[in-house]
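Structure assessment
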Amino acid sequence: MKNKYILLLFGILLTALAQSCNRKRATEKEYTDTYNSGTLVFAADESFAPILDEELYIFKYDNPHANPVMIYRPEAEVVKLLLEDSTRFAFLSRDLTPQEKKVIHDRNLPVVTDLFAIDAIAVIANQASPDTGISVRELKDILSGNGPADKTIVFDNPSSSLVRYLKDSTGVTDLSHRNVYALRSNKEVIEYVSKNPDAIGITGYSWLNDPDADYADAVKKIKILAVKDENNKKAPDQYFRPSQTTLYLKQYPLRRSLYIVNCTGRKGLGEGMEGFIESDKGQRIILRSGLLPVLIQERNIRIHSDKL
């Protein structure tokens, strides 16, 4: 009788263990990607598309078995994808908030954030416009509806990182005033300004350097305005255009940091892509794009005094 109870108990334990293993297999994700192969979904702020497309092109060339799938969305949607666990790797122009990190940590996942580039917010005008510069105060006046009646300002998307940046930097939280319009993309902003002499556009700087053929003609019809920040203690009266020099010296006022947010918690294609972007080759791609890489490689120049 005792043996029967032992066998019965043993059978119950085996059944419970099997059910537990089945539930675990049903809920666990199976990963097949490695550091340089397989498929992984990445989500990125759509204003980064030009620079990230270049990084992806070279990364795939170097790793033919890798298939990184990039989803471009407005910043707010990218964060939502992270919080809903629809992706675990993103490119953003800000770090996650403590509340957002807690949502991810509650799923027993890490949040690793690394800075990989410094970008500029470009203010553009039509080539026919007499304007060559604009101040942060003037930009704030236009966004708040107190600017010149003949000036129109356009930006890419109400949920974009550019709009969030404008709100944070100018203090104007309501962008529904007259002559302030949201379009659908950086490309549409450039095309709109190229056709309207009284328009001012807000766009990512990387969209203006080496543009694709479908909007290259529009870029030729616009110009980048210099920007003055009256609150700059060192140069309150000086205008600066975006460049790697003015970004490095922190002279151009409308600059932002670009971040990699890795929540995969494992070694796979996410770490492979991150390692590539932070490598010498990946940072040189950023350098050629006109943005400022955060890991600038030193160049050693040897000068010989001997006559040849």
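For every chain, the first residue of the written sequence is number 1, and numbering continues from 1 along that sequence. Local features in this predicted model are restricted to residues whose pLDDT is 70 or higher, and side-chain atom pairs enter the listing and the counts only when it is 80 or higher, whereas totals over whole chains, interfaces and linings include all residues. Heavy atoms throughout the structure, all of them, feed into the side-chain values; hydrogens and water do not.

What to know about the side chain of arginine 256
Put simply, the rule is: The numbering of helices and of strands both runs from the N terminus, where a helix is a DSSP run of H or I of at least 4 residues and a strand a run of E of at least 2. Two N or O atoms count as a polar contact when they lie within 3.5 Å, although within protein this holds only if one can serve as hydrogen donor and the other as acceptor, and sequence-adjacent residues are included solely when both atoms are side-chain atoms. The criterion used for residue contact is that any of the two residues' heavy atoms lie within 4.5 Å.
Within the element layout of this structure, arginine 256 appears in strand β12 (residues 255–262). For arginine 256, the side chain forms a polar contact with the side chain of serine 47, separated by 2.9 Å. Within the structure, the side chain of arginine 256 is placed 2.7 Å from the side chain of serine 161, a separation counted as a polar contact. Discounting residues that sit within four places of it in the chain, arginine 256 has contacts with Ser47, Phe48, Ser93, Ala117, Ile118, Asp119, Ile121, Ser161, Leu162 and Tyr165.

Some words on helix α10 (residues 269–277)
Here is the rule we go by: A 1.4 Å probe rolled over the protein chains alone gives each residue an accessible area, and that area as a share of the maximum for its type sets the label: buried under 20%, exposed over 50%, partly exposed in between.
Across the nine residues that make up α10, a large majority, seven, are buried. Among all positions in α10, only Leu269, Gly270, Gly272, Met273, Glu274, Phe276 and Ile277 are buried.

So, the pairing of strand β3 (residues 89–92)
Filter applied, for reference: Strand pairing follows a simple DSSP-based rule, namely that at least 2 bridges must link the two strands.
Burial along β3 is two-sided: Phe89 and Phe91 facing one way and Ala90 and Leu92 facing the other are all buried. Here two bridges tie strand β1 (residues 38–45) to β3, and the two strands are oriented parallel to one another. Opposite alanine 44, over in β3, you have phenylalanine 91 as the bridge partner. Where β3 lies against β12, four bridges are found, and the strand directions are antiparallel. Bridge assignment links leucine 92 to a residue of β12, and that residue is tyrosine 259.

Brief notes about the environment of glycine 38
Its place among the elements puts glycine 38 in strand β1. As a C-alpha pair, glycine 38 and alanine 66 span 28 residues in sequence and 5.0 Å in three-dimensional space. Apart from the residues lying within four places of it in its own chain, the contact partners of glycine 38 are Asp33, His65, Ala66, Asn67 and Leu269.

Side note on the pairing of strand β2 (residues 66–73)
Stated formally: Here is how to tell: hold the view so the strands point away, follow the path from the first strand over the helix to the second, and if it runs clockwise the crossover is right-handed.
Relative to β2, β1 runs parallel, the two sharing eight bridges. Considered in β2, the bridge of threonine 39 is made with asparagine 67. The parallel pair β1 and β2, bridged by helix α2 (residues 49–62), forms a crossover whose chirality is right-handed.

Details of the packing of aromatic side chains
Inclusion rule: Two aromatic rings from Phe, Tyr or Trp, using only the six-membered ring of Trp, form a pair when their centres are within 6.5 Å; if the ring planes differ by under 30 degrees the pair is stacked, by over 60 it is edge-to-face, and anything between is tilted.
What the rule picks out here adds up to six aromatic pairs. Here the aromatic cluster, defined as three or more aromatic residues joined through ring pairs, consists of Phe42, Phe89, Phe91 and Phe116.

Some remarks on the confidence of the model for the chain
This is how the line gets drawn: How sure the predictor is of each residue is captured by pLDDT, a score from 0 to 100.
For the chain, mean pLDDT is 86; residues scoring 70 or higher make up 86% of the total. Low confidence marks residues 20–28, where pLDDT is under 50. Its contacts with residues over four positions away, or in another chain, come to zero contacts.

So, the sheet that holds strand β11 (residues 239–240)
The test is simple: Here an angle of 0 to 180 degrees is reported between the N-to-C directions of two axes, which are lines fitted to C-alpha atoms, with helices fitted over the stretch in contact.
Read across the sheet, three strands follow the order β5-β10-β11 without closing on themselves; strand pairing throughout is mixed. Only two strands of the sheet have a single partner each, and these edge strands are β5 (133–135) and β11. With three bridges connecting them, β5 and strand β10 (residues 226–228) associate as parallel partners. From the neighbouring strand, isoleucine 134 faces β10, where its bridge partner is valine 227. Packing of helix α5 (residues 136–143) onto the sheet brings it into contact with β5 and β10, and relative to β5 it is tilted by some 75°.

A few points about the packing of α2 against α10
The test is simple: An angle below 35 degrees is treated as roughly parallel, one above 145 as roughly antiparallel, one from 65 to 115 as roughly perpendicular, and anything else as oblique. Take the far helix as the reference: if the near one is turned anticlockwise from it by less than a right angle, the crossing is left-handed, and if turned clockwise, right-handed. Think of it as three bins: nonpolar holds Ala, Val, Leu, Ile, Met, Phe, Trp, Tyr, Cys and Pro, charged holds Asp, Glu, Lys and Arg, and polar takes everything else, Gly as well.
At a minimum axis separation of 11 Å, α2 and α10 run at an interaxial angle of 110°. Regarding the angle of α2 to α10, the classification is roughly perpendicular. When the axes of α2 and α10 are compared, the crossing they make is right-handed. Between α2, through Leu52, Glu55, Leu56, Ile58, Phe59 and Asp62, and α10, the contact on the second element is made entirely by Leu269, Gly272, Met273, Phe276 and Ile277. In terms of residue class, the contact of α2 with α10 is built from eight nonpolar, one polar and two charged.

Describing the environment of valine 219
By the element assignment, valine 219 lies in helix α8 (residues 216–220). Through-space distance from the C-alpha of valine 219 to that of glutamine 127 is 9.8 Å; in sequence the pair is 92 residues apart. Look past the residues within four positions of valine 219 in its chain and what remains in contact with it is Ile190, Trp207, Leu208 and Pro211.

Structural notes on the nonpolar core
In a soluble, globular protein the nonpolar side chains are often hidden away together inside. Inclusion rule: For our purposes a nonpolar core is just a set of buried Ala, Val, Leu, Ile, Met, Phe, Trp, Tyr and Cys residues, chained together by side-chain atoms within 4.5 Å.
Ranked by internal contacts, the top residues of the largest apolar core, which has 68 residues, are Phe91 and Ile277. Dropping the residues within four chain positions of it, isoleucine 277 is found in contact with Leu52, Glu55, Phe91, Phe116, Ile260, Gly282, Gln283 and Ile286. Formed by 13 residues, the second largest nonpolar core is a distinct cluster that contains Val78, Val79, Leu81 and Leu109.

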